[in-house]
Amino acid sequence: MDLNLKVRIKDFWQELLSYFNVAEDLESQQDVEQSIRSGVDFKGSQLLVLIFAIIIASLGLNTDSTPVVIGAMLISPLMGPIIGMGLGIGIADYALLKRSFKNISMAVLGSLAASAIYFLISPQYEGSSQLLARTSPSIYDVFVALFGGGAGFVSIACRNKGQVMPGVAIATSLMPPLCTAGYGIATWQAHFFLGALYLFFTNMIFILFATWIGVKILKYKGVVYQNTARNKRLQTFVTIVVFCTVGVSCFLTYQMIRKNIFMARAQEFVEQQMVFPNTQVLSHKEYISNGKKYIDVTLIGTALPKDSLQLAMVNKMDSMGLGGTILQIKQGFSVSSVNSNASPEKNFVEFYNLAQQELLSKQSTIDSLKDVVKLHNWFNQQTLELAPELKILFPSIMDVALSQMVVTPVEPVSPDTVSMVFVRSSTGLGEADRQKLLKYLRIRFKDNEIGLTVNPRGFPWPEKP
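The rules behind the values
- Residues numbered from 1 in each chain as written.
- Predicted model: local features only at pLDDT ≥ 70, side-chain atom pairs only at ≥ 80, totals over all residues.
- Heavy atoms only, no water.
- Helix = DSSP H or I, 4+ residues; strand = E, 2+ residues; numbered from the N terminus.
- Expected span 1.5 Å × (residues − 1).
- Buried < 20%, exposed > 50% of the residue type's maximum accessible area, 1.4 Å probe, protein only.
- Arc of directions from axis to C-beta.
- Contact = heavy atoms within 4.5 Å.
- Patch = residues over 30% accessible without salt bridge, like charges linked within 9 Å, V, L, I, M, F, W, Y side chains within 5 Å.
- Areas by Shrake-Rupley, 256 points an atom, 1.4 Å probe, with all protein chains shown as cover.
- Salt bridge = Lys/Arg side-chain N within 4 Å of Asp/Glu carboxyl O.
- Pairing = 2+ DSSP bridges.
- Axes fitted to C-alpha atoms, helices over the stretch in contact; angles between N-to-C directions.
- Core = buried A, V, L, I, M, F, W, Y, C linked by side-chain atoms within 4.5 Å.
- Parallel < 35°, antiparallel > 145°, perpendicular 65-115°, else oblique.
- Left-handed = near helix turned anticlockwise from the far one by under 90°.
- Nonpolar A, V, L, I, M, F, W, Y, C, P; charged D, E, K, R; others polar.
- pLDDT = per-residue confidence, 0-100.
- Phe/Tyr/Trp six-rings, centres within 6.5 Å; stacked < 30°, edge-to-face > 60°.

Enquirer: Which residues make up helix α10 (residues 175-187), and what are the values?
Expert: For α10, spanning 13 residues, the distance from its first C-alpha to its last is 19 Å, which sits close to the expected 18 Å at 1.5 Å a residue. Counting buried residues in α10 gives 12 out of 13 residues, a clear majority hidden from the surface. Along α10, the residues that are buried comprise M175, P176, P177, L178, C179, T180, A181, G182, Y183, G184, A186 and T187.

Enquirer: Can you break down helix α2 (residues 29-38) residue by residue, with the values?
Expert: Looking at α2, one finds that the buried residues are Q29, V32, E33 and I36. Buried positions in α2, seen along its axis, are confined to an arc of 95° and lie on one side of it. Exposed side chains of α2 directed beyond 90 degrees from the buried face belong to Q30, Q34 and S38. Of the surrounding secondary structure, the elements contacted by the buried residues of α2 are α5 (79-90) and α8 (139-157).

Enquirer: Which residues make up a nonpolar patch on the surface, and what are the values?
Expert: Where nonpolar side chains cluster on the molecular surface, the patch consists of L47, L48, I51, F52, I55 and L59 and spans about 510 Å² of accessible area. If you trace the backbone, I51 turns up in helix α3 (residues 45-62). On the accessibility criterion, I51 (38% relative accessible area) is partly exposed.

Enquirer: So what's going on with the pattern of salt bridges? Which residues, and what values?
Expert: Summed over all chains, the structure comprises four salt bridges. For the salt bridge of R37 with D93, the shortest nitrogen-to-oxygen distance reads 2.7 Å. Here R37, found in helix α2, pairs with D93, found in the loop between α5 and α6 (94-121); they are 56 residues apart in sequence, far enough to count as distant. On the basis of relative accessible area, R37 is assigned to the partly exposed category, the value being 23%. For E389, the salt bridge identified is with R444, shortest N-O distance 2.8 Å. Of this pair, E389 sits in helix α14 (residues 344-393) while R444 sits in helix α15 (residues 431-445), and the two are 55 residues apart along the sequence.

Enquirer: Explain unusual backbone geometry to me, using residue names and the numbers behind them.
Expert: Non-glycine residue A92 carries a positive phi angle of around 60°. Counting through the fold element by element, A92 comes out in the loop between α5 and α6. If you check the backbone angles, N455 has positive phi at about 50° while not being a glycine. In this structure, N455 sits in the segment after β6 (451-454).

Enquirer: Can you break down the pairing of strand β1 (residues 279-289) residue by residue, with the values?
Expert: One face of the sheet, then the other: side chains in a regular strand alternate in exactly this way. As judged from the 10 bridges shared by β1 and strand β2 (residues 292-301), these two strands associate in the antiparallel manner. Bridging from a neighbouring strand, K285 pairs with D296 of β2. Between β1 and β2, which pair antiparallel and follow one another directly, the connecting turn spans two residues, one of which, N290, has a positive phi of 55°.

Enquirer: Tell me about the sheet that holds β6, and please be specific about residues and values.
Expert: Overall, mixed pairing links the three strands, which are arranged β4-β5-β6 in an open sheet. Edge positions in the open sheet fall to β4 (397-407) and β6, since each of these has one partner strand only. The sheet shows a mean angle of 25° between the axes of neighbouring strands, direction not considered. Strands in contact with α15 are β4, β5 (416-425) and β6; relative to β6, the strand with the most contacts, it is inclined by about 140°.

Enquirer: Outline the nonpolar core, listing residues and values.
Expert: In terms of nonpolar packing, the biggest core is built from 59 residues, with L78, I104, M175, F200 and Y220 touching the most fellow members. A per-element tally of this core places helix α11 (residues 190-217) first, with 11 residues. Counting 17 residues, the second largest nonpolar core, distinct from the first, contains V400, L402, L437 and L438.

Enquirer: Explain the sheet that holds β1 to me, using residue names and the numbers behind them.
Expert: Taken together, three strands build an open sheet; the order of strands is β1-β2-β3 and the sheet is mixed. This sheet does not close on itself; its edge strands, each paired only once, are β1 and β3 (326-331). Pairs of neighbouring strands in the sheet enclose a mean axial angle of 15°, with direction left out of account. Across the sheet, helix α12 (residues 228-273) lies against β1, β2 and β3, angled at about 165° from β1, the strand it touches most. Strands in contact with helix α13 (residues 306-319) are β2 and β3; relative to β3, the strand with the most contacts, it is inclined by about 145°.

Enquirer: Account for the packing of α11 against α12, naming residues and giving values.
Expert: Contact geometry for α11 and α12: axes closest at 10 Å, N-to-C directions at 135°. Relative to α12, α11 is oriented oblique. Crossing geometry of α11 relative to α12 is assigned as left-handed. Residues Y198, F201, T202, I205, F206, L208, F209, W212 and K216 of α11 touch α12, and the partners they reach there are Q235, V238, T239, V241, V242, T245, V246, V248, S249 and L252. The residue inventory of the contact of α11 with α12, partitioned by class, reads 13 nonpolar, five polar and one charged.

Enquirer: Run through the confidence of the model for the protein, naming residues and quoting values.
Expert: Chain-level statistics for the protein give a pLDDT mean of 78 and a share of 82% at 70 or above. pLDDT under 50 marks residues 334-338. Its contacts with residues more than four places away, or in other chains, come to 10 contacts.

Enquirer: Provide a residue-level description of the packing of aromatic side chains, including the pertinent values.
Expert: Enumeration according to the criterion identifies eight aromatic pairs in this entry. On the basis of an interplanar angle of 75° and a centroid distance of 5.0 Å, the ring pair of Y183 and F192 is categorised as edge-to-face. The exposure class of Y183 is buried, given its relative accessible area of 2%. Look at F192 and you get buried, because its relative accessible area is 3%.

Next up, the structure:
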């Protein structure tokens, strides 16, 4: 390789590495420690700010307001003692670790108590999307907390701090999970309390872990007097906690992905497969309960054979990767068709829509029956009017019957309708009179397809007195 080319590659590599060199921008260990130690304690103004942040976050979660929740994240001082614990572990300062742990514990207890009291007196109890979003931690939250904590420590350790800490406060989301856990306490809902508290624990552990790793990378000096064995035990314990947290988060992420795949397939199944001519899907719900998958569907319109429908749909579910899913189909109009777990407003809307659909179905049936009755009455009236006319034109005719009949071939061909006139003549009708009568009937009823039968055998004519 050409010597000049090697020199250029080396210069380029050194210049590239210089962009990642933070040595010149680093503050002294003493200044960094002082900055971190000053943010550990919750006293005076810090405690008041924490209380205000709790109330603001609770209001934001209660009203499902994203800007309000973000505001609470920005003013929350919870990052201080967590970073303090990471520094304490990194430099083996157990006094700092103990003080940081004490302060974060009091902050957590205070946050839970304040948010629980707020939600106890709040008139709105239904879980908002902001609340629900903080009850399903995953491996993605681990990465957010890890890299967020790393960014936070770097901003503290360097002179060029920029606007890193506000962004870290928003990304790592420490305050909202505590308020959600308080909501779980106030409403006695364990899944809110445990899910949100685990999310906070995950964020705290990985912010702490990122700070500890940062301290090790920057090779901060430990305290002069330290118990090496104790320090190793503590670091081993933290490492085990980190790996356990990652394992649980991976499992929850796997469960979340499975649920999302099921929900997508179930919705696709309902939209594509449950399509019927005179029956519509009024509502459907897909969910997983106690490890079992369910699809609840409410149908409106013409009732379908339950057993046949269930069998056909189960076979289709197998082909779409939904084998083992329990399909529950509700048909017809009844109060029980409304979801008992939904909000009153949603139930009212669903009940109203169900009633409207049922009324439309009933009205369609009534209109159809009216047409049948109208046609029947028309034939009756035409028969009464036709009888005296035929008596004058054809004196031998004694009785007449008019009817519309359905003609169905033996082979599977679509049926057809035909209008028929039956007459009884005392002397019969010759071919000329027969054609004359048929022509008269077609002109009178404006129907060139009308049929005529004279003296049919076995016809139930009325007995003459």
